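What follows is each chain in one-letter form.
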Amino acid sequence: MSLRAGALIGGLTVALVATVVVAAGRGQLAIPPAEVVGSFLHGIGLPLGPLPEHPQGDVTLWQVRFPRVVLAVLVGAALSAAGALMQGVFGNPLAEPGVVGVSSGAAFAAAIAIVYQLTFFGAWTIPVLAFLGGLVTTVSVYLLSRADGRTEVVTLVLTGIAVNALAGAGLALMLFLGDTQAREEIVFWQLGSLNGTRWIYVAVVAPFVGVGVLGALLVAQSLDLLALGDRAARHVGVNVERLRMFSIVLVAMLTAAAVSFAGIIAFVGLVVPHLVRMVVGPGHRVLVPASALGGALLLSLADLFARTAVPYAELPIGMLTSLVGGPFFFWLLRRSRRSAGGWA
């Protein structure tokens, strides 16, 4: 690992820890950072540091703040790692997880559960259906894009666009069929939020994120070889089709786990990997962990702003990431056009 890469990962780690501590202490009940750290250390069995002075401070941290900031870290890491994988598979910095229909499929499935008031899994019905909807949509895109046992990137993108359009039409139909309350709930879910996070949500999402990021690290070297082109990668022993299939499964798992509890949070998987790539280059062994850390940091900051910017109100976190990601995406398009000497 180069000095620059080590400095970036170290800096992101320190910034993430500091952000998590500050975020856990901010809110209607303000808790100083030292007391946040003390509460955490006492909670894990280390009697160090001061406990919160407010009688409800410890309960607030462990039942409300800590689960939320941990889920923000996990969701941000998942979306950014998925984005780094997508950009490696497609060989294009403009790729992001939504290309394969994970988010649109999850939104459609969640809308079905909301409109028809499905309750097969009790309070878990919407997250479970959202997760399954994202996975089913991604698998459909992959299977529909296969021809003669192989999948071309262009075909995969075009199939993804078509399936996204179908899922969008289905979502529009659910909005039409739903009553006012259902429509409001669907719209709120699409805007993204971490409100109401509990430890059980963290326990469900964490294994998927851990397996997904570990899987991304395992295929990092192969993704570097894939950047040379399919033919060159096959020459050096890379099973391109298997690599592409495995990577897309990882993307679907990471993104579906994230959006099932947080709703649609756009642009994190696009912005963060590209910024990291600009600093440390395209090598995926550094790009994947640095992107995961950067995504966790970005979403933690966005969630902190979302719940503290307006007193006694909470902004949709997906709206905030889109406000940042939209202009960045436009700049990225302009930059790509200039570097390519114009559109082909």
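Numbering of residues begins from 1 in every chain and follows the order in which that chain's sequence is written. Totals for whole chains, interfaces and linings use all residues, but because this is a predicted model, local features are given only for residues with pLDDT of at least 70 and pairs of side-chain atoms are given and counted only at 80 or more. Think of the side-chain values as coming from all heavy atoms in the structure, minus any hydrogens and water.

## Side note on the pattern of salt bridges
By convention in these notes, a salt bridge is any Lys or Arg side-chain nitrogen within 4 Å of a carboxyl oxygen on Asp or Glu. Tallied over the entire structure, the rule returns three salt bridges. Aspartate 303 serves as the salt-bridge partner of arginine 68, at 2.8 Å between the closest nitrogen and oxygen. With arginine 68 in helix H3 (residues 57-90) and aspartate 303 in helix H13 (residues 284-308), this residue pair connects regions lying 235 residues apart in the sequence. For the pair formed by arginine 68 and aspartate 303, the shared burial category is buried. Of the charged contacts in the structure, one is a salt bridge between aspartate 303 and arginine 307, with a shortest N-O distance of 3.8 Å. Here the residue aspartate 303 and the residue arginine 307 both occupy positions in helix H13, the gap between them amounting to four residues, near one helical turn. Exposure class is identical for aspartate 303 and arginine 307. Each is buried. By sharing partners, the salt bridges in this structure join Arg68, Asp303, Arg307 and Glu314 into a single network. A run of H or I in DSSP becomes a helix once it reaches four residues, and a run of E becomes a strand once it reaches two; helices and strands are each numbered from the N terminus. The cut-offs for exposure are 20% and 50% of the maximum accessible area for each residue type, with area from a 1.4 Å probe on protein chains only; residues under the lower value are buried, those over the upper are exposed, and the others partly exposed.

## A word on helix H1 (residues 3-25)
Taking 1.5 Å as the rise per residue, H1 with 23 residues should run 33 Å; its terminal C-alpha atoms sit 33 Å apart, in good agreement. Within H1, the full set of buried residues consists of Ala5, Leu8, Ile9, Leu12, Leu16, Thr19, Val21, Ala23, Ala24 and Gly25. Of the residues one or two after H1, glycine 27 is the one with positive phi, at around 150 degrees. In a helix, the anticipated span is given by 1.5 Å times the number of residues less one.

## Some details on helix H4 (residues 102-115)
Look at H4: 20 Å from first C-alpha to last across 14 residues, which is about the 20 Å you get at 1.5 Å a residue. Here H4 lies mainly inside the structure; twelve of its 14 residues are buried. The set of residues buried in H4 consists of Val102, Ser103, Ser104, Gly105, Ala106, Ala107, Ala109, Ala110, Ala111, Ala113, Ile114 and Val115. In this analysis, two residues are considered to be in contact whenever any of their non-hydrogen atoms come within 4.5 Å of each other. Packed against the buried residues of H4 are helix H5 (125-145), helix H6 (153-177), helix H7 (180-191) and helix H11 (240-262).

## Focus: the side chain of serine 247
Tracing the sequence through the fold places serine 247 in helix H11. Accessibility expressed as a relative area gives 0% for serine 247, which makes it buried. Once residues within four sequence positions are removed from consideration, serine 247 is found in contact with Leu85, Val89, Val219 and Leu223.

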